[in-house]
Amino acid sequence: MPSPLFADRSPAQPPERGAVDALISQTRRLRGGVDAVRREAAVDEEQLDDPQVRWQRALCELAVHHLDDLGAHLGQLREGVPAELLEPEPYRPPLPVAPPEPERGSLLKRVGSAEWNLLTDDVTWSEELFQIFGRDRADGAPTLDELPSCLHPDDQDLLTARVTDCLVDGKPIDDEFRILRTDGGQRTVHMMGEPVLAADGSTASMWAVLRDVSELRRSQRAVHESRDSLQRERHIARTEHRLAVELQEAVLPPWRGSLRLPQGGPASLDLAGHYLPSSTSALVGGDWFDALQLPDGQTLLSVGDLTGHGVSATSGVAMLLGALRGMAVAGAAPGPLMGWLNQMLDASAQPALGSAICCRYEPVTRTLSWSQAGHPAPLLFRAGAGRALQPPEGVLLGATSGARYAQAEEKLLPGDLLVLHTDGLSPRTPELDVERGPDRLLELAPRFAAARDAQDCVRAVVEEFGGEEREDDACVLIARVGF
C-alpha cells in the first residue's frame, strides 16, 4: 500500500482506470496461456523422476505465481488506497477463531499492510497481515520493539538494523524475513517500508507492506533444484557418453580402410568394416566387429551385439571381445568358443544378452568354419548374386546355462564376398515388425560385383543405410576372398 514520503505532500494520483484495466486483461490472458501450457506439460507420477520434467513443471508453477502476484497488485492499484487505513474504524474484538493459513490461490490474502505511529504509539495492521502472521486480533498488533520477536532468531538482528536505519536515516526497507507463526508454522515475507515525515522533518510514523512469498520462494527453489538436478544428469550423461566412445574406439579394430589377412597369402581376405551409430539416440550401443590374424595362419572374423547402451554395454563388449580373441588365439573352434562365451556372460556380475557370429577362415583350403548365437546369418555373394548361409543351431549368449552351439562349414571360391552384419541397419516395418536389412543388402549384389575392393563395398552399404532413421546402432564387416 503506497504512502506519501512526506506528510506535507499530497499522495500521487492513481493512474487512469482504463489503462490499469487493460493491463489486468493482458495479465489474465497470459495467465490462461500459462495454464494451458501447464496442462499440456502435465505428466504421470512415474515421470516425475525425470529431472527435465520436474524443471519444466517448476517453471510453470513459478510463472503462475508471478502472474497471480502481478494481477493482484494491478487490482490493488485500480482500487486505490484501502479505506481502513485512511479512516481507521474503532476496533471490535472478533469471536476467537483459528487463524486460517494463507491460501495458495488467494493473492489478496498474502499481502498485508501496517503503520506504526511514533507520536501516538498507535499500531495499525490490516486483517491480511494478522492472517499472514497467524496472529489473533485480540492479541493486538506488535510494536516495532516487539516485531523482531515474531521472526526467526537468525533474522531478528537484521530487522532491528533495518528499522533503525529507516527511522534514523530515512532509508527504505526492502528485505525478506522469516516469520514464526503462532501455530508453529514458518512463512517468508517480503517487507517494503518507508518513514513518514512530519512538517518539521522529524519521523512521524513508519508504514510497511508485507507480502507472503513463501509459495513463490518454494517454487523458485524447486526451479533451481530441478535445474541443478537436470544439469547434473546431463553432465553425467556427457561423461558416460565420452567414456563409452573412448572405450568403443579402444575395442573396435584400429585399422581404417582395407586390410588383408592373413598377410602375404594368395587366398587372403580383403577386409573392411564400418560402425553406424543410432540416428535417434546419443547413447553408444554394444555392437562390434573384429578381424584378427591367428598364429596358425587362419583369420578370425566376428560381429556381435550386446544388449544395453553406454559404458555398461561397451565395457561388456570389451570383456566379451577380449575373451573371444584369447580363446581363438589358443586354437578354440567357433562352436566350443561360443559355448564358453555363453558361460562367461551367464556368470557375469552384470547379466546381459548378446548375439554374435564367430568365423575362422582357412586360406589354404578357403574354408569358412562358423558358429552363431541368435544372430543374422552371414551373406555370401557369388557371381553377382547373394544368399544367406544356412545357420547352425545357437541361442543368444547369456540366455541359458550350458547351451551348446553347432558349427557349420562353407567352401569359398576366389572372388566370393562375405558380409557379416548386426541387426538395426534399417528400421523395422510397422506391419510385420521385421527388419529388411538383410534383404536390402542382398539387393546390393550388382554394386558389390562392380566394386574394386572391400572398402568400396562398405561405401555402398553406408550410402544405402547411412541416412536411415535407425533406432539402434549397427555395424558391418565385409571380406572378399583373394584370387
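Cut-offs used in this document
- Residues numbered from 1 in each chain as written.
- Predicted model: local features only at pLDDT ≥ 70, side-chain atom pairs only at ≥ 80, totals over all residues.
- Heavy atoms only, no water.
- Phe/Tyr/Trp six-rings, centres within 6.5 Å; stacked < 30°, edge-to-face > 60°.
- Axes fitted to C-alpha atoms, helices over the stretch in contact; angles between N-to-C directions.
- Helix = DSSP H or I, 4+ residues; strand = E, 2+ residues; numbered from the N terminus.
- Left-handed = near helix turned anticlockwise from the far one by under 90°.
- Contact = heavy atoms within 4.5 Å.
- Nonpolar A, V, L, I, M, F, W, Y, C, P; charged D, E, K, R; others polar.
- Pairing = 2+ DSSP bridges.
- Buried < 20%, exposed > 50% of the residue type's maximum accessible area, 1.4 Å probe, protein only.
- Salt bridge = Lys/Arg side-chain N within 4 Å of Asp/Glu carboxyl O.
- Core = buried A, V, L, I, M, F, W, Y, C linked by side-chain atoms within 4.5 Å.

## Digging into the packing of aromatic side chains
Part 1 of the argument: According to the stated counting rule, one finds three aromatic pairs in the structure shown.
Part 2 of the argument: One aromatic cluster in this structure is built from Trp125, Phe130 and Phe133.

## Re the packing of helix H7 (residues 311–329) against helix H8 (residues 334–346)
Part 1 of the argument: It is the contact of H7 with H8, at a shortest axis distance of 10 Å, that shows an interaxial angle of 145°. In the crossing of H7 with H8, the sense of the turn from one axis to the other is right-handed. Every residue of H8 that contacts H7 at Met319, Leu320, Ala323, Leu324, Met327 and Ala328 is listed here: Leu337, Trp340, Leu341, Met344 and Leu345.
Part 2 of the argument: Looking at the contact of H7 with H8 residue by residue, the classes come out as eleven nonpolar, no polar and no charged.

## As for the sheet that holds strand S15 (residues 417–421)
Part 1 of the argument: Read across the sheet, six strands follow the order S6-S7-S18-S15-S12-S13 without closing on themselves; strand pairing throughout is antiparallel. Looking at the sheet topology across the chains shown, the edges are occupied by strand S6 (259–261) and strand S13 (385–388). Between one strand axis and the next, the sheet turns by 25° as a mean value, whatever way the strands run.
Part 2 of the argument: Taken strand by strand, helix H11 (residues 454–465) contacts strand S7 (269–276), S15 and strand S18 (474–481), and its axis lies near 25° from that of S7.

## Points about the pairing of strand S9 (residues 299–309)
Part 1 of the argument: In terms of residue burial, S9 counts as a mostly covered element, since eight of its eleven residues are buried.
Part 2 of the argument: One ladder, built from nine bridges, connects strand S8 (residues 285–293) with S9; its direction is antiparallel. From the neighbouring strand, Phe289 faces S9, where its bridge partner is Val303.
Part 3 of the argument: Two successive antiparallel strands, S8 and S9, enclose a turn made up of five residues, where Gly297 displays a positive phi of approximately 90°.
Part 4 of the argument: The pairing of S9 with strand S10 (residues 354–362) spans eight bridges and is antiparallel. Looking at S10, one finds that Leu301 is bridged to Cys359.

## Side note on the sheet that holds strand S4 (residues 186–197)
Part 1 of the argument: Strands sit in the order S2-S1-S5-S4-S3 across an open sheet of five strands; the sheet is antiparallel. The open sheet is flanked by strand S2 (123–125) and strand S3 (173–180), the only strands paired with a single partner. Between one strand axis and the next, the sheet turns by 25° as a mean value, whatever way the strands run.
Part 2 of the argument: Summarising the sheet, strand S1 (residues 111–117) and strand S5 (residues 203–212) pair through seven bridges and their orientation is antiparallel. Bridging across to S5, Glu115 finds its partner in Trp207.
Part 3 of the argument: Taken strand by strand, helix H5 (residues 153–169) contacts S3, S4 and S5, and its axis lies near 145° from that of S3.

## Remarks on the environment of Glu128
Part 1 of the argument: Relative to the helices and strands, Glu128 is located in helix H4 (residues 127–133).
Part 2 of the argument: The partly exposed category is assigned to Glu128, whose relative accessible area is 27%.
Part 3 of the argument: Spatially, the C-alpha atom of Glu128 lies 7.7 Å from that of Ser113, the residues being 15 residues apart in sequence.

## Here's the deal with the environment of Ala323
Part 1 of the argument: By the element assignment, Ala323 lies in helix H7.
Part 2 of the argument: Once you skip the residues sitting within four places of it in the chain, Ala323 turns out to touch Leu341 and Met344.

## Re the pattern of salt bridges
Opposite charge on two side chains makes pairing possible when the charged atoms of those side chains draw close.
Part 1 of the argument: Summed over the entire model, instances satisfying the criterion amount to 19 salt bridges.
Part 2 of the argument: The partner of Arg31 in a salt bridge is Asp68, with the nearest N and O atoms 2.7 Å apart. Of the two residues, Arg31 is situated in helix H1 (residues 17–40) and Asp68 in helix H2 (residues 51–79); the sequence distance between them amounts to 37 residues.
Part 3 of the argument: A salt bridge links Asp212 to Arg187; the nearest nitrogen and oxygen atoms lie 2.9 Å apart. You can see Asp212 sitting in strand S5 and its partner Arg187 sitting in strand S4, a full 25 residues away along the chain. For the pair Asp212 and Arg187, one class covers both residues: buried.
Part 4 of the argument: Connected through salt bridges with shared partners, the residues Arg31, Asp35 and Asp68 form a single ionic network.

## Brief notes about the environment of Leu261
Part 1 of the argument: Checked against the element boundaries, Leu261 lands in strand S6.
Part 2 of the argument: According to the relative accessible area criterion, Leu261 is buried, its value standing at 5%.
Part 3 of the argument: A C-alpha to C-alpha distance of 6.3 Å links Leu261 and Thr299, two positions 38 residues apart in sequence.
Part 4 of the argument: Sequence-distant contacts of Leu261, defined by excluding residues within four places in its chain, comprise Ser268, Leu269, Leu271, Ala291, Leu292, Gln293 and Thr299.

## Things to note about the pairing of S15
Part 1 of the argument: Counted residue by residue, S15 has five buried out of five residues, so it is predominantly covered.
Part 2 of the argument: Alternating positions in S15 separate into two faces, Leu417, Val419 and His421 on one and Leu418 and Leu420 on the other, with burial throughout.
Part 3 of the argument: As defined by bridge partners, strand S12 (residues 379–382) adjoins S15 across three bridges and the pair is classed as antiparallel. When the bridges of S15 are listed, Phe381 appears paired with Leu417.
Part 4 of the argument: Where S15 and S18 come together, five bridges link them in antiparallel fashion. Residue Leu417 lies in a different strand from S18, and its bridge partner there is Arg480.

## Things to note about the side chain of His421
Part 1 of the argument: Residue placement: His421 occurs in strand S15.
Part 2 of the argument: Since its relative accessible area comes to 2%, His421 is described here as buried.

## Thoughts on the nonpolar core
Part 1 of the argument: If you look at the biggest cluster of nonpolar residues, it comprises 51 residues, and the most contacted ones within it are Leu301, Leu341 and Leu397.
Part 2 of the argument: Counting residues per element, this core draws most heavily on H7, which supplies seven residues.
Part 3 of the argument: Every residue in contact with Leu301, bar those within four places of it in the chain, is listed here: Leu269, Leu271, Asp290, Ala291, Ile357, Cys358, Cys359, Leu418, Leu420, Leu477 and Ala479.
Part 4 of the argument: If you look at the next biggest cluster of nonpolar residues, it comprises 22 residues, including Ala114, Trp125, Val163 and Val189.

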